[in-house]
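What the coordinates show
Residue strings, one per chain:
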Amino acid sequence: MRILIIDDEPAMHDSYRQCFAPASGGSLDAMAAELFGDDDAPAPASADDAPDFALTHAMQGLDGVGEVEKALADGNPFAVAFIDIRMPPGIDGRETAKRIRALDPDINLVIVTGYSDFSPIEIAKVAGPADKIFYIAKPFEVDEIVQTATALAKRWQIDLELAAARAQLADQIVMLEEQGRELAANESKAVHMATHDSLTEAPNRLAFLRALTERARGRERFAAAMLDLDRFKLVNDTLGHLAGDEMIRSVYLLLSAAVPEGGVVARLGGDEFGILFDTPGEEAAVQACELMLRKMTVTLNLIGHSVQAGASIGVIVTEAEPVRDPVDVMRRADLALNEAKRAGRGIVRAYDESMDDSIKFRRQIEGGLSQAIARGELKLAYQPIVARDGLEIVGFEGLLRWFSPEYGAISPAMFIPIAEESNLIHELGDWVIETALAELHNWPGQYVSINFSPRQFRRHNFVAHLVECVQRAGVEPGRVQIEITETAIFDDADRAAETLYRLRQMGFRIALDDFGTGYSSLYNIRKFALDCLKIDKSFIDGMGRERESAAIVHSIIHLGRALGLGVIAEGVETDAQVQALRLAGASHLQGYYFSRPVDAEAARAMAAMGSVEGKDDPGDGPALLQGNGTHG
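From a predicted model like this one, the values you see are computed outputs, not experimental measurements. (Residues numbered from 1 in each chain as written. Predicted model: local features only at pLDDT ≥ 70, side-chain atom pairs only at ≥ 80, totals over all residues. Heavy atoms only, no water.)

Some thoughts on unusual backbone geometry
A negative phi holds for most residues other than glycine; trans holds for most peptide bonds. Backbone torsion omega between Pro88 and Pro89 reads 5°, so that peptide bond is classified as cis. Its place among the elements puts Pro89 in the loop between strand S3 (80-84) and helix H4 (93-103). For Leu391, which is not glycine, the phi dihedral falls at a positive 55°. Note that Leu391 resides in the loop between strand S13 (378-387) and strand S14 (393-404). A relative accessible area of 14% places Leu391 in the buried class. (Helix = DSSP H or I, 4+ residues; strand = E, 2+ residues; numbered from the N terminus. Buried < 20%, exposed > 50% of the residue type's maximum accessible area, 1.4 Å probe, protein only.)

In C-alpha cells form, the structure reads like this:
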C-alpha cells in the first residue's frame, strides 16, 4: 500500500520512517516474555496483520499534490495521505487536502496538526466527504500512526473492490435492461407478425377469431360476414400474381373505408375476407353488406390493366346470449357465402338453418357420444415427447380417439366442441384421466400429458378433483402434466392464475398448449405458474416456407428460456425441422418424425426402451392413429 507523507519538517519525516520501519526483535521479545513471565509484554506482530507500506515524502503541499497527480497517471494511486496543517511558505494543509481531493476522490486523508487553525467542518467542506478525512494531533504515538494507516489502507482496498463490484453490477443491470427491451420488442414484433397479414397489413385469421371471441363475450348483437372475390383466380391466371396481390390490397382498402364504424376487416387467406360489425338486426346487417359490395364494385387499374372488382358475401347475425363458438359462427357465415355464390355471385345472403345440413349430424354425434364410454368406443393414443439432445422419451401426450360403429373414426375437432357445449365434456374428461393414470403404472418413469378444455378448467372443484384422481390411482402428481390452452385461462386471468398456482403447489406439471395462437402476452406468461410452453404445429409447419413463422418460433423459444420455462415444439415432421429447433434451443420435441400417436401396448414398449429415433414417415401409421385432434 502506498502512503504519502506531506510535512515541512525533516524530523517529522524521520518519525514517519521509524513508525513504518519493519519490526525487529519480535522473536526476542516473545522469548523474554516467556522466560520472565511478563504478561504485559506486547504479543509479537504477525506479518499478515498489517499490509506492506511504501512511503513517499513531500516537503510542501504543492509537492504532495504533484505526487498524487503522478501516482494517478501511473495507475498506482496512494491509499492514505498524512498532511501537516502548517507548511510555510507554501500552501497550508487545508488547501493541500482540497487540491488532492479534487484529483483523487478515493484517497483517505489524515490531517496531522498541533494547532486548531481550521475546524474539521471547515476542512471537510473543501476536502470531503467527511468519512474520508481523519485527524491526528501532534505529538503522535507510533501505534496511533500505524493503526490508522493500516485501517485506512484496508478500507481503501475494500472501497475499491466495492466500487468495482458496483460497476460490474451496474453493467449487468444495463445488460439485463437491454435484454428486456429486446425481448419486449421481439414479443411485440412476433405478436404483430402472428396477427397480421404480410401482404395487406390487415388483421389475419387469428386476429379475426380473437375479435370474434371478444364480441361474443359482449352484450351487443353483431354481424359476422365472409367475403370472397368473384373470379379472382382468373386475374391471377391471366395477369399474374403481382396483379392479384395488388387487387387484394386495393379491395382491403375499399372494404376498410366502407365497413360500419367500429367494424373489423381481416384477410383470412387467399381472396377471402372476414368482417365484423355491430348491427341492430339481420335486415340492417344485410343492407350494410350490400353497401360494402357497391363500394368495392369498381374498376381497378392493376399494373396497367383495367379489372372489374366484385365479390359475394355471406352474413350471420349473432345474439350475445348464448355465447356462440367463434369457429361455428365463421362456419355458418361461410355456408351463407357458399349460398351467395351458388345464387349467382355479387350478392349478399344471410344465414338460416336450412343451409346447415350438419346440424342434424351434430345432434346425432351428441347422442352417440353419450353412449361411447359405455360401449367401449373411446381409446387413448399416446405420442412421445422427447428431449432435444438424446431423444430420450420424457413423457407421452394422451390423445382421445372415438371410433363409432355407425360413423367410423370421428375427429376430436368434431366431437370435442359438441361435448364442450354440454356436460358430456366432464364425463369424457374423467374417463381420459382415469385411463391415463392407470396406464402410467406401466411406464418406468415418464409423465403423461393430458389436455383439458376451457370448460373443464373452469370446473369449480377442478384442483380437488385432480388431486383425488391421482391419489386414488396411486400416482405422483409430478408424473401428470396439465395442458391448458391460452383460451382457457384468458377468460378469467386472476382465477386461472390462482388455479394454476394451486396445481403447481400440489406438484402437477403445467404446459401452455398451442402457444402463439391465443391471447398471451409477456405479462400473462409471467403471471401464471407454468412449466413449459408448447409451440403450435402451424408455426413449425411454416418454418421452412415463411420467415414470419421462423421468427415467431425463435421468439417463443427465446421467451421461454428467458423465463426459465421448457419449450416443446409440436408437429415436428422433418429432419430439417429437428435440426432448426435444436439450434434454436427448444428443450423438447414432439411429432410424426419421432412417432405417430400409438396404442397403449406400443407406448409401453417405447417407454421401456427409453428413447426413439426420428425416422417415421408422416404417411405411415396404423388406422387407429389417424387424425390430428389432441384432446385428452
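Regarding the pairing of strand S6 (residues 222-229)
The buried count for S6 comes to 8 of 8 residues, which makes it a mostly enclosed element. What you see with S6 is no split at all: Phe222, Ala224, Met226 and Asp228 on one side and Ala223, Ala225, Leu227 and Leu229 on the other are buried throughout. As judged from the 7 bridges shared by S6 and strand S8 (residues 272-278), these two strands associate in the antiparallel manner. Within the sheet, the bridge partner assigned to Phe222 lies in S8 and is Asp278. (Pairing = 2+ DSSP bridges.)

Here we look at the sheet that holds strand S11 (residues 311-318)
Sheet architecture is open: 5 strands sit in the order S7-S8-S6-S11-S12, paired in mixed fashion. Looking at strand neighbours, the two that pair on one side only are strand S7 (264-269) and strand S12 (348-350), the edges of this open sheet. Taken pair by pair, the neighbouring strands of this sheet meet at an average axis angle of 20°, ignoring direction. Bridging between S6 and S11 involves 8 bridges; their strand directions are antiparallel. (Axes fitted to C-alpha atoms, helices over the stretch in contact; angles between N-to-C directions.)

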